[in-house]
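Given next are the chains, with one letter for each unit.
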Amino acid sequence: MQPTLVAVAHGSRDPRAPHTVEALLERVRELRPRLRVRLGHIELNHPLLEHTLEQAAGSAVLVPLLLGRGTHVKRDLPAAAARAGHLRTRIAAPLGPHPLLVEALYERLVEAGWSAGSAVVLAAAGSRDPDSAADTRATAALLSERLGGVPVVAAYASAAAPTVPDAVRALAARGRHRVAVASYFAAPGRFAAASAAAAPGPAAAPLGAHPALARLVLRRYDEACAALAAPARREHPLELATA
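Residues numbered from 1 in each chain as written. Predicted model: local features only at pLDDT ≥ 70, side-chain atom pairs only at ≥ 80, totals over all residues. Heavy atoms only, no water.

1. Here we look at the pairing of strand β6 (residues 152-156)
- Within β6, five of the five residues are buried, which leaves the element mostly enclosed by the surrounding structure.
- Residues of β6 alternate between two faces, with V152, A154 and Y156 on one and V153 and A155 on the opposite face, all of them buried.
- Pairing geometry for strand β5 (residues 119-124) and β6, over five bridges, is parallel. Bridging across to β6, A123 finds its partner in A155.
- Remark: the β5/helix α5 (residues 130-146)/β6 crossover connection has right-handed handedness. (Buried < 20%, exposed > 50% of the residue type's maximum accessible area, 1.4 Å probe, protein only. Helix = DSSP H or I, 4+ residues; strand = E, 2+ residues; numbered from the N terminus. Pairing = 2+ DSSP bridges. Right-handed = clockwise from strand over helix to strand, strands pointing away.)

Following this line, the structure appears as structure tokens:
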């Protein structure tokens, strides 16, 4: 039997966020109808991840609906999986960076009215983890390439610098007065709204239930399944899958 895909969302006080995540998972189910797909939140929304894992049986792959490495991926998810001792568990890599994610960012920008040649601020939540910042910068570089080489500056809503307004000002100082904001958020929320409000030009919607994101969720699941099926080694059975 295939492992259950447990999609792990952060959770948000914005009432739109759970509906957005469910819409994304419906796309995942449409792409692979026979796959068991469940949702667990790290905090704030139900079902919480620990409850989802309690109800699972056999084996499960936790796919973080998170856009880079950070505390949740490195610590919180492994801890939750370790507590679910009745399961054989694998943790997939976070969604970013990846070309499919960049394709979703590109299309959201175009939908918002981005015009060729305009610079972009890639607005992310922010983290004190240097790996998280590195992943965001890697996505910014991939997005710049996808947009034909225009500057794409990573900026953050919290915990890291520069802020979105600071990034906009820095681009203006370089003579880039046409600036759009790309929303590097999986779902609507306070940080996404604040980032959009700081945009001097078009502000893209969060990634949401974009078809490329659904394909990426399954890509991460398949990568982790391949590792889960590999012969057992003597190290701890719970490992973090990497892309």
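Now that the structure is up, let's keep going.
2. Concerning the environment of D135
- Tracing the backbone shows D135 in helix α5.
- Spatially, the C-alpha atom of D135 lies 8.0 Å from that of L67, the residues being 68 residues apart in sequence.
- Once residues within four sequence positions are removed from consideration, D135 is found in contact with G68, R69, G96 and P97. (Contact = heavy atoms within 4.5 Å.)

3. Remarks on the pairing of strand β7 (residues 179-183)
- Of all five residues that make up β7, five are buried, and the element is covered over most of its length.
- Alternating positions in β7 separate into two faces, V179, V181 and S183 on one and A180 and A182 on the other, with burial throughout.
- When β5 meets β7, the two strands line up parallel, connected through five bridges. Directly across from V120, in β7, lies its bridge partner A180.

4. Things to note about α5
- With 17 residues, α5 extends 24 Å between its outermost C-alpha atoms, agreeing within 8% with the 24 Å of an ideal straight helix rising 1.5 Å per residue.
- All of the buried residues along α5 are S132, A133, D135, T136, T139, A140, L143 and S144.
- For α5, the secondary structure elements touched by its buried residues are α4 (99-112), β5, β6 and β7.
- Between the side-chain oxygen at the start of α5 and the backbone nitrogen of D131 there is a gap of 2.7 Å, and the oxygen is on D129. (Expected span 1.5 Å × (residues − 1). Polar contact = N/O pair within 3.5 Å; in protein donor to acceptor, adjacent residues only side chain to side chain.)

5. Observations regarding the pattern of salt bridges
- Enumeration over the complete set of coordinates arrives at 11 salt bridges.
- The residue R108 makes a salt bridge to E111 at a minimum N-O spacing of 3.1 Å. Here the residue R108 and the residue E111 both occupy positions in helix α4, the gap between them amounting to three residues, near one helical turn.
- Between E223 and R220 there is a salt bridge, with the nearest N and O atoms lying 3.2 Å from each other. One end of the pair, E223, and the other, R220, are both in helix α8 (residues 211-228), three residues apart, so they sit about a helical turn from each other.
- Judged by its relative accessible area of 30%, E223 falls in the partly exposed class. (Salt bridge = Lys/Arg side-chain N within 4 Å of Asp/Glu carboxyl O.)

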